[in-house]
Amino acid sequence: MTIEHRKRYINTYKLASVHPLFKKDYEKTVALHLNESNEARLPEVFLPWHRWYLTEFENLLRRIDCRVTIPFWDWSKNIHHWWRGTENDDLWNPEDHGLGGDGSKLDNHCVENGPFSKDKWSLLDVSGGGCLTRNFLKRSLVHDTENVNKTLSLPLEKFNEFEETLRSDYHIEPHFVVGGTMNNPLISANSPELLLHHAFLDKLWYEWQTKGNEYQNVYFPNVPLKFHGSKYYCWEWIDSSNLPGEVKVVYEE
């Protein structure tokens, strides 16, 4: 993303969280994840549920600015310095096009720079309010681009391995190393980085599905579960080119 696009996304996200016209819908959308954190981790629903959640959030942001889409954080490309924030294109850059950096150990790990710093933004009251926190575990990530490519190369008959790798290995580690709000399942939906992380997981599923029609339609069409508190079934969220509401999602590098 360009610097301009990153600023636009962050400004739109923040506006959704504080503006009277959008704040209630922002709270409802975040609450989807807060209320369903346990169900959303089940293998039967993890991938389609989060695809639905990302779409709900993006639809909210696009009501504010139709040019905005949710970006993804490909942590596999920089596993040894994923926490870096000194370069212009770093996720954790402290300027207004980044998410800010690590939390302060002298202030309960509150984020103290960037657009989501303690003095500029706060968590929802429903999840306790207060500052966004981070507690970076500054060690290399386990899964690099080569590992991700191996996962994407898994054949159809190893879907269960593919799904478990995304849901367990790839999903959990970034939550853990970022720490703070992001690592608390009860409030992690407040973290602006959560959307970017889950967008990357969805992108990986999307890429695996593009290998063929049978890859797209494996497993989930046979899951009879309905998302709790919604009108949707898992099978409705497997085809990114034909999602409910005539939505089409395409990922670009």
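Residues numbered from 1 in each chain as written. Predicted model: local features only at pLDDT ≥ 70, side-chain atom pairs only at ≥ 80, totals over all residues. Heavy atoms only, no water.

- As recorded in an unreviewed UniProt entry, the chain goes by the name Tyrosinase copper-binding domain-containing protein, listed as coming from Porites lobata.

## Focus on helix α2 (residues 23-35)
Then, number 1: The terminal C-alpha atoms of α2, which comprises 13 residues, lie 18 Å apart, in line with the 18 Å expected from a rise of 1.5 Å per residue.
Then, number 2: Those residues of α2 that fall on the buried side of the exposure criterion are Tyr26, Thr29, Val30, Ala31, His33 and Leu34.
Then, number 3: Here the buried face of α2 lies against α1 (3-18), α3 (46-64) and α6 (192-209). (Helix = DSSP H or I, 4+ residues; strand = E, 2+ residues; numbered from the N terminus. Expected span 1.5 Å × (residues − 1). Buried < 20%, exposed > 50% of the residue type's maximum accessible area, 1.4 Å probe, protein only. Contact = heavy atoms within 4.5 Å.)

## Observations concerning unusual backbone geometry
Then, number 1: Residue histidine 109 is not a glycine yet carries a positive backbone phi of 65°.
Then, number 2: Mapping histidine 109 onto the fold places it in the loop between β1 (103-104) and β2 (110-111).
Then, number 3: You will see that tyrosine 219, though not glycine, has its phi angle at about 70°, which is positive.
Then, number 4: As for its placement among the helices and strands, tyrosine 219 is situated in the segment after α7 (213-216).
Then, number 5: The partly exposed category is assigned to tyrosine 219, whose relative accessible area is 29%.

## A look at the layout of surface pockets
Then, number 1: A volume near 1400 Å³ is recorded for the largest pocket.
Then, number 2: Lining the largest pocket are 45 residues, and of these Met1, Ile70, Pro71, Phe72 and Trp73 lie nearest its centre.
Then, number 3: Secondary structure elements with two or more residues in the lining of the largest pocket: α1, α3 and α6.
Then, number 4: Within the lining of the largest pocket, the residues separate by chemical class into 20 nonpolar, ten polar and 15 charged.
Then, number 5: Within this model, the second largest pocket holds a volume of roughly 170 Å³.
Then, number 6: Its residues assigned to classes, the lining of the second largest pocket shows five nonpolar, nine polar and one charged. (1 Å grid on protein atoms, 1.4 Å probe; cavity = no way out; pocket = protein on both sides within 12 Å on 5 of 7 lines; lining within 4 Å. Points joined across faces, edges and corners; volume = space filled by probe spheres on them. Nonpolar A, V, L, I, M, F, W, Y, C, P; charged D, E, K, R; others polar.)

## Examining the state of the cysteines
Then, number 1: Under the defined criterion, the tally for this structure stands at one disulfide.
Then, number 2: For cysteine 110, the disulfide goes to cysteine 131, at an S-S distance of 1.9 Å. With the S-S dihedral at roughly -70°, the linkage between cysteine 110 and cysteine 131 falls on the left-handed side. Taken as a pair, cysteine 110 in strand β2 and cysteine 131 in the loop between β2 and α4 (145-152) lie far apart in primary sequence, 21 residues in all. Neither cysteine 110 nor cysteine 131 differs from the other in exposure class; each is buried. (Disulfide = S-S within 2.5 Å.)

## Here's the deal with the pattern of salt bridges
Then, number 1: Tallied over the full model, the rule gives twelve salt bridges.
Then, number 2: Its salt-bridge partner being arginine 134, residue glutamate 193 comes within 2.9 Å of it at the nearest N-O pair. You can see glutamate 193 sitting in helix α6 and its partner arginine 134 sitting in the loop between β2 and α4, a full 59 residues away along the chain.
Then, number 3: One salt bridge connects lysine 203 with glutamate 207, and the closest N-O pair in it is separated by 2.3 Å. In this pair, lysine 203 and glutamate 207 both sit in helix α6, four residues apart, roughly one turn of the helix. (Salt bridge = Lys/Arg side-chain N within 4 Å of Asp/Glu carboxyl O.)

## Notes on empty space enclosed by the protein
Then, number 1: For the structure shown, the criterion picks out one cavity of 30 Å³ or more.
Then, number 2: Counted as a void, the largest cavity has a volume near 50 Å³.
Then, number 3: As for the largest cavity, its lining consists of Phe46, Leu47, His50, Arg51, Leu54, His198, Leu201 and Asp202.
Then, number 4: The greatest single-element share of the lining of the largest cavity, amounting to five residues, is contributed by α3.

## A short note on the packing of aromatic side chains
Then, number 1: A full pass over the atoms with the stated rule returns 32 aromatic pairs.
Then, number 2: Look at tryptophan 82 and tryptophan 92: their rings are 6.4 Å apart centre to centre, the planes differ by 75°, and that puts the pair in the edge-to-face class. A residue pair is termed long-range when its members are at least 10 positions apart, and tryptophan 82 in the loop between α3 and β1 and tryptophan 92 in the loop between α3 and β1 qualify at ten residues. A single burial state applies to tryptophan 82 and to tryptophan 92, both of which are buried.
Then, number 3: A cation over an aromatic ring shows up here: lysine 203 above the ring of phenylalanine 72, its NZ or CZ 5.0 Å from the ring centre. (Phe/Tyr/Trp six-rings, centres within 6.5 Å; stacked < 30°, edge-to-face > 60°. Lys NZ or Arg CZ within 6 Å of the ring centre and 35° of its normal.)

## A short note on a nonpolar patch on the surface
Then, number 1: A cluster of nonpolar side chains, namely Leu137, Ile172 and Phe176, defines an oily patch on the protein surface of about 270 Å² accessible area.
Then, number 2: Tracing the backbone shows isoleucine 172 in helix α5 (residues 159-178). (Patch = residues over 30% accessible without salt bridge, like charges linked within 9 Å, V, L, I, M, F, W, Y side chains within 5 Å. Areas by Shrake-Rupley, 256 points an atom, 1.4 Å probe, with all protein chains shown as cover.)

## A word on the environment of valine 250
Then, number 1: With respect to the element layout, valine 250 can be found in the segment after α7.
Then, number 2: It is 9.9 Å that separates the C-alpha atoms of valine 250 and glutamate 207, two residues lying 43 residues apart in sequence.

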